[in-house]
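The primary structure of each chain is shown beneath.
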Amino acid sequence: MKHKVLITRPIDQSERFANEVWVLGAEPVVSSLTIIEPILFQLENIPIVEAYIITSVHGLPFNLSNQQKNTPLYVVGESVATHARAAGFRNIIAMAMNSVELLSSLSASPYRSFIYWRGVDVAFDFAANLPHKTIDEQIVYSAQAVKCLNPDIIDQFEMIGTLTLFSARTAR
């Protein structure tokens, strides 16, 4: 019997990780603990800035003009960079593994004004850590906790050898 790994990422992010778990010889069991809900915003309310910050694939604003998608972009993670390119963003200036690492690129950036495309909840406050920059924040999604686990997952729980948690909120 294969070792079972419970994957708790949002459904749209689970497939690739599940494939990696399978390649390593374990059996992935997918049950998201969060549901991502987009938050609509009005483009005319978006300030004009020199660059954008995006730390999650869910933070990608898809309804921007081609001109806006040429705005310099600072991202966290290869996945965000890949999704940004697929959405038409062509000017990725820096990619870091996490927000703390991205901070040094932003601090050294010649740009002074940014929009941080983000979720309702964030783990890192760019504005507080970059007082010499102007960081406007645009909330474009929320991550809602699921109300209860799927009964099929509950039935398998004793057979699950590894539980994956990808954020502090998911762990709560």
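Up top is the structure these notes are about.
Below is a short write-up of the structure. (Residues numbered from 1 in each chain as written. Predicted model: local features only at pLDDT ≥ 70, side-chain atom pairs only at ≥ 80, totals over all residues. Heavy atoms only, no water.)

## Considerations on the sheet that holds strand β4 (residues 51-54)
Phase 1 of the analysis: If you trace the 6 strands from one edge of the open sheet to the other, you get β3-β8-β7-β4-β5-β6, paired in mixed fashion. Where the open sheet ends on each side, the last strands, each with one partner, are β3 (34-38) and β6 (92-96). When the angles between neighbouring strand axes are averaged without regard to direction, this sheet yields 20°.
Phase 2 of the analysis: Relative to strand β7 (residues 113-119), β4 runs parallel, the two sharing 4 bridges. By the bridge assignment, Ala51 is partnered in β7 with Phe114.
Phase 3 of the analysis: Taken strand by strand, helix α3 (residues 78-86) contacts β4, β5 (73-76) and β6, and its axis lies near 155° from that of β6. (Pairing = 2+ DSSP bridges. Helix = DSSP H or I, 4+ residues; strand = E, 2+ residues; numbered from the N terminus. Axes fitted to C-alpha atoms, helices over the stretch in contact; angles between N-to-C directions. Contact = heavy atoms within 4.5 Å.)

## Notes on the sheet that holds strand β9 (residues 160-164)
Phase 1 of the analysis: With parallel pairing, 3 strands are arranged side by side in an open sheet as β2-β1-β9. The open sheet is flanked by β2 (27-30) and β9, the only strands paired with a single partner. Put simply, the sheet's adjacent strands are angled 30° from each other on average, direction ignored.
Phase 2 of the analysis: Its contacts with the sheet put helix α1 (residues 11-23) on β1 (4-7), β2 and β9, and the angle it makes with β2 is roughly 165°.

## Observations concerning the environment of Thr170
Phase 1 of the analysis: With respect to the helices and strands, Thr170 occurs in helix α7 (residues 168-171).
Phase 2 of the analysis: Given a relative accessible area of 15%, Thr170 falls into the buried group.
Phase 3 of the analysis: Spatially, the C-alpha atom of Thr170 lies 26 Å from that of Ile115, the residues being 55 residues apart in sequence. (Buried < 20%, exposed > 50% of the residue type's maximum accessible area, 1.4 Å probe, protein only.)

## With respect to the packing of aromatic side chains
Phase 1 of the analysis: This structure, assessed with the given rule, holds 5 aromatic pairs.
Phase 2 of the analysis: Seen from their ring centres, Tyr74 and Phe114 are 5.8 Å apart, and the 70° between their planes marks the pair as edge-to-face. Remark: Phe114 occurs in strand β7 and Tyr74 occurs in strand β5; sequence separation between them is 40 residues.
Phase 3 of the analysis: The class for Phe114 is buried, based on a relative accessible area of 0%.
Phase 4 of the analysis: The interplanar angle of 90° and the centroid separation of 5.0 Å between the aromatic rings of Tyr116 and Phe126 together place this pair among those described as edge-to-face. With Tyr116 in strand β7 and Phe126 in helix α5 (residues 126-129), the pair connects residues that are 10 residues apart, well separated along the chain.
Phase 5 of the analysis: Looking at Tyr116, the relative accessible area reads 2%, which means it is buried.
Phase 6 of the analysis: Residue Phe126 is classed as buried on the basis of its relative accessible area, which comes to 0%.
Phase 7 of the analysis: Through a chain of ring-to-ring contacts, the aromatic side chains of Phe41, Tyr52 and Trp117 assemble into a single cluster.
Phase 8 of the analysis: One cation-aromatic arrangement involves Lys2 over Trp22; the distance from NZ or CZ to the ring centre is 3.7 Å. (Phe/Tyr/Trp six-rings, centres within 6.5 Å; stacked < 30°, edge-to-face > 60°. Lys NZ or Arg CZ within 6 Å of the ring centre and 35° of its normal.)

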